[in-house]
Amino acid sequence: MAAPEEPELSQAQTEKLLQFQDLTGLESMDQCRRTLEQHNWNIEAAVQDRLNEQEGVPSVFNPPPSRPLQVNTADHRVYSYIVSRPQPRGLLGWSYYLIMLPFRFTYYTLLDIFRFALRFVRPDPRGRVTDPVGDVVSFIHSFEEKYGRSHPVFYQGTYSQALNDAKGELRYLLVYLHGDDHQDTDEFCRSTLCTEEVITFLNARMLFWACSTNKPEGYRVSQALRENTYPFLAMIMLKDRKMTVVGRLEGLIQPEDFINQLNFIMEANQTYLMSERMEREERSQTQVLRQQQDEAYLASLRADQEKDRKKREEEEQRRQEEEKVLQSVLAEERRRRTLEEEKERKSECLPPEPLADDPESVKIVFKLPNDTRVERRFLFGQSLTTWVFHRG
């Protein structure tokens, strides 16, 4: 039994299909069409889902799955830098640490048990992302209220959009997950993140995306990146045609050390980024060359079409002139025949010419425009009409 034929696409759908294939790099047109049909031909949603599928991140247009998110961590050469909390110093410091250790252990253990049990009673509200952009904007506002407006430029969009822009612009993306309840968060934000040298460095070298893990969007990214402690930062870039985490910074880190570590990560991966840029430039040059060839072909085609048009016009004009000459010749021939027929008819109606010695006759000479002379004799009794009739 033959499979039913798919309906033909409209012009707008065809354009979206080609645009989707160009943006995602998919070779199968059938797969491109199925993906667009699943999203009701919403190309933005389809492209976002395709990127998320490659990166292991769910789309912002659909509810996230119940299973934990996975991020591309196939590259085991991810650079990790963890800053441990300083050890207690002196007898007093160790005494305080040992006294508080059982209480701290008990507190965090009970807290974890409580949170684990609470999941069975009431699902974590952060598990459902309904307004990812709103989560990011809300975090930025709360951050500015608490730490001031002097901070690195936050990317005001979703995590997926930040990944997409970093991929398109071939830039590094630094992701910061803000743990509101962590004891080192305030010090990191005030003493490191909001310092002038860090602000200048981040604004000039990379995109910077941040969100609180208390927000659904931040929690979603937290589940994907699987941080161990706070403050947490992840460096992401396009590597081997995939957005890949190439560096992780965890713990309270000082400004100078923070910049040095980021520099180290970028220098270690600069060759990959340069390779991607060169490959993209080659593709761009190939595309430009192809476009120039297409333009040259179209120009040549238009020139040939214009030449053919002029040739047709000249042939039509020549045909019309020949037709006009022919019509003129035919008209002259018709006029001549008509005139001869008229002469013959009039000649037949003329009375016989009198003899030359007839005293009742007169000789009349007609001089024609071509200087020829016509002579004929007429009787005096014949009317003038007969003379004129003969002349005509």
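Residues numbered from 1 in each chain as written. Predicted model: local features only at pLDDT ≥ 70, side-chain atom pairs only at ≥ 80, totals over all residues. Heavy atoms only, no water.

A. Expanded view of the pattern of salt bridges. Counted under the stated rule, the structure contains 13 salt bridges. When the shortest N-O distance is used, the salt bridge between R241 and E279 registers 2.1 Å. Residue R241 is located in the loop between β4 (232-239) and β5 (242-250), and its partner E279 is located in helix α10 (residues 255-349); the two are separated by 38 residues in the primary sequence. For the salt bridge of E333 with R336, the shortest nitrogen-to-oxygen distance reads 2.4 Å. You can see E333 and its partner R336 sitting in helix α10, three residues apart, about one turn around the helix. Here E333 falls in the partly exposed class, since its relative accessible area comes to 28%. (Salt bridge = Lys/Arg side-chain N within 4 Å of Asp/Glu carboxyl O. Helix = DSSP H or I, 4+ residues; strand = E, 2+ residues; numbered from the N terminus. Buried < 20%, exposed > 50% of the residue type's maximum accessible area, 1.4 Å probe, protein only.)

B. Representation of the confidence of the model for the protein. Counting all residues, the mean pLDDT for the protein is 79, and 75% of those residues have values of 70 or more. Note on residues 60-74: pLDDT is under 50 here. Beyond four places in sequence and across chains, it has 37 contacts. (pLDDT = per-residue confidence, 0-100. Contact = heavy atoms within 4.5 Å.)

C. Examining the pairing of strand β6 (residues 361-367) more closely. Summarising the sheet, β6 and strand β7 (residues 373-379) pair through seven bridges and their orientation is antiparallel. Counted as the bridge partner of K363 is R377 from β7. Turn length for the β6-β7 hairpin, with the two strands adjacent in sequence and antiparallel, is five residues, and the turn residue D371 shows positive phi of about 70°. (Pairing = 2+ DSSP bridges.)

D. Highlighting the packing of helix α5 (residues 132-147) against helix α7 (residues 185-193). Two numbers describe how α5 lies on α7: the axes approach to 11 Å, and their chain directions differ by 80°. In terms of their interaxial angle, α5 and α7 are classed as roughly perpendicular. Of the residues in α7, those touching α5 at F143, K146 and Y147 are T185, D186, C189, R190 and L193. Classifying every residue of the contact of α5 with α7 by side-chain character gives four nonpolar, one polar and three charged. (Axes fitted to C-alpha atoms, helices over the stretch in contact; angles between N-to-C directions. Parallel < 35°, antiparallel > 145°, perpendicular 65-115°, else oblique. Nonpolar A, V, L, I, M, F, W, Y, C, P; charged D, E, K, R; others polar.)

E. Representation of the nonpolar core in the model. Counting 53 residues, the largest nonpolar core has L202 and W209 as its most contacted members. Per-element tally for this core: the top contributor is β4, with seven residues. Counting eight residues, the second-largest nonpolar core is a separate cluster that includes C32, L36, W41 and I43. (Core = buried A, V, L, I, M, F, W, Y, C linked by side-chain atoms within 4.5 Å.)

F. Structural detail: the packing of aromatic side chains. Under the counting rule described, the total for this entry stands at nine aromatic pairs. Measuring from ring centre to ring centre gives 5.9 Å for F139 and F154, while their planes differ by 75°; the resulting arrangement is edge-to-face. Of this pair, F139 sits in helix α5 while F154 sits in the loop between α5 and α6 (159-169); the two residues are 15 residues apart in sequence, bridging distant segments of the chain. Residue F139 is classed as buried on the basis of its relative accessible area, which comes to 2%. For F154, a relative accessible area of 6% puts it in the buried group. For the pair F143 and F154, a centre-to-centre distance of 5.2 Å together with 80° between the ring planes defines the contact as edge-to-face. With F143 in helix α5 and F154 in the loop between α5 and α6, this residue pair connects regions lying eleven residues apart in the sequence. You can call F143 buried: its relative accessible area is 1%. One aromatic cluster is present, built from ring pairs that chain together F139, F143, Y147, F154, Y176, F188, F208 and F258. Sitting over the ring of Y272, K239 keeps its end group 4.3 Å from the ring centre. (Phe/Tyr/Trp six-rings, centres within 6.5 Å; stacked < 30°, edge-to-face > 60°. Lys NZ or Arg CZ within 6 Å of the ring centre and 35° of its normal.)

G. The arrangement of the sheet that holds β5 in detail. Taken in spatial order, the five strands line up as β1-β5-β4-β2-β3 in an open sheet, and their pairing is mixed. Strands at the two margins of the open sheet, each flanked by one partner only, are β1 (79-82) and β3 (206-212). Within this sheet the neighbouring strands show an average axis-to-axis angle of 20°, counted without direction. The pairing of strand β2 (residues 172-178) with β4 spans five bridges and is classified as antiparallel. Within the sheet, the bridge partner assigned to L177 lies in β4 and is F232. Lying over the sheet, helix α8 (residues 196-205) contacts β2 and β3, oriented at roughly 115° with respect to β3.

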